[in-house]
Amino acid sequence: RNGGHGQGAAAPAAAPADDGMTWWYRWLCRMAGLLGGVSCAFAGLWNCVTINPLNIAAGVWMMLNAFVLFLCEAPFCCQFVEFANAAAARADRLRPWQKAAFYCGMAAVPVMLSLTLTTLFGNAIAFATGVLYGLAALGKKGDAISYARIQQQKQVDEEKLAGAMEGQAL
């Protein structure tokens, strides 16, 4: 059983090499996920204090979102859940665009069930976590020097093409 825990700890260490996220951006995403979980938990609990069944369904979904966010982004909050480390290791192996789609999708469901201020504000940080992962999936912005080289090469290519077209027209 100990060998399984060692493998789970090795997977997150391998993840930073292939997704291109810096350490501080990874921690920003994790902190946003943790805050999104807290926000979903409190707003979901507040949403359940009603007699409207759609509000109750949205509140339960929000509390489920909170659990998933805690499980994936802050497994230390779920240390008494037996499968927490395995689930966190599996979530760390997901690509940023997969996490973005998952977090944004699961944050949108309660809003579609019951469009209230509680569901909007409760899911805003969870949705923002998905947006942060989506931005990570897009990659870094190129630097000005690389962009200038590309533009210069395009201009040279266009001039050659225009010269070739002029030669054919004569």
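Residues numbered from 1 in each chain as written. Predicted model: local features only at pLDDT ≥ 70, side-chain atom pairs only at ≥ 80, totals over all residues. Heavy atoms only, no water.

S.K.: How would you sum up the overall build of the chain? Please name residues and give values.
M.R.: Summing up its helical and strand segments, the chain has seven helices and zero strands in all. The linear arrangement of helices and strands in the chain, starting from the amino end, is α-α-α-α-α-α-α. Intrachain contacts of the chain at a sequence separation of at least 6 include 67% that bridge at least 24 residues. As displayed, the chain offers around 11200 Å² of accessible surface, 68% of which is attributable to carbon and sulfur atoms. (Helix = DSSP H or I, 4+ residues; strand = E, 2+ residues; numbered from the N terminus. Contact = heavy atoms within 4.5 Å. Areas by Shrake-Rupley, 256 points an atom, 1.4 Å probe, with all protein chains shown as cover.)

S.K.: Let's hear about the nonpolar core: which residues, and what values?
M.R.: Counting residues in hydrophobic clusters, the biggest one holds 24 residues, and the most contacted among them are M21, Y25, C29, Y103 and Y133. Among the elements that take part in this core, helix α3 (residues 53-73) stands out by supplying six residues, more than any other. (Core = buried A, V, L, I, M, F, W, Y, C linked by side-chain atoms within 4.5 Å. Buried < 20%, exposed > 50% of the residue type's maximum accessible area, 1.4 Å probe, protein only.)

S.K.: Could you give an account of the UniProt feature "transmembrane region" (unreviewed entry) in the chain, with specific residues and numbers?
M.R.: Sequence positions flagged by UniProt for "transmembrane region" (unreviewed entry) are, in local numbering, residues 27-46 and 123-139. Across residues 27-46, the secondary structure splits into 100% helix and 0% strand, with the terminal C-alpha atoms separated by 28 Å. For residues 123-139, helix accounts for 94% and strand for 0%, while the C-alpha atoms at its two ends are 25 Å apart. (UniProt positions renumbered as here; feature names shortened; annotations may be inferred.)

S.K.: Account for the packing of aromatic side chains, naming residues and giving values.
M.R.: The way to describe two aromatic rings as a pair is by their centre distance and the angle between their planes. Throughout the structure, instances matching the rule amount to three aromatic pairs. The structure contains a cluster of three or more aromatic residues connected by ring pairs, namely F102, Y103 and Y133. (Phe/Tyr/Trp six-rings, centres within 6.5 Å; stacked < 30°, edge-to-face > 60°.)

S.K.: So, the packing of α3 against helix α5 (residues 96-113): which residues are in play, and what are the values?
M.R.: Contact geometry of α3 with α5 gives a least axis separation of 8 Å together with a crossing angle of 160°. Looking at the two axes, α3 sits roughly antiparallel to α5. Between α3 and α5 lies a crossing whose hand is left-handed. In contact with L54, A57, A58, W61, M62, N65, V68, L69, C72 and E73 of α3, α5 contributes K99, F102, Y103, M106, A107, V109, P110 and L113. (Axes fitted to C-alpha atoms, helices over the stretch in contact; angles between N-to-C directions. Parallel < 35°, antiparallel > 145°, perpendicular 65-115°, else oblique. Left-handed = near helix turned anticlockwise from the far one by under 90°.)

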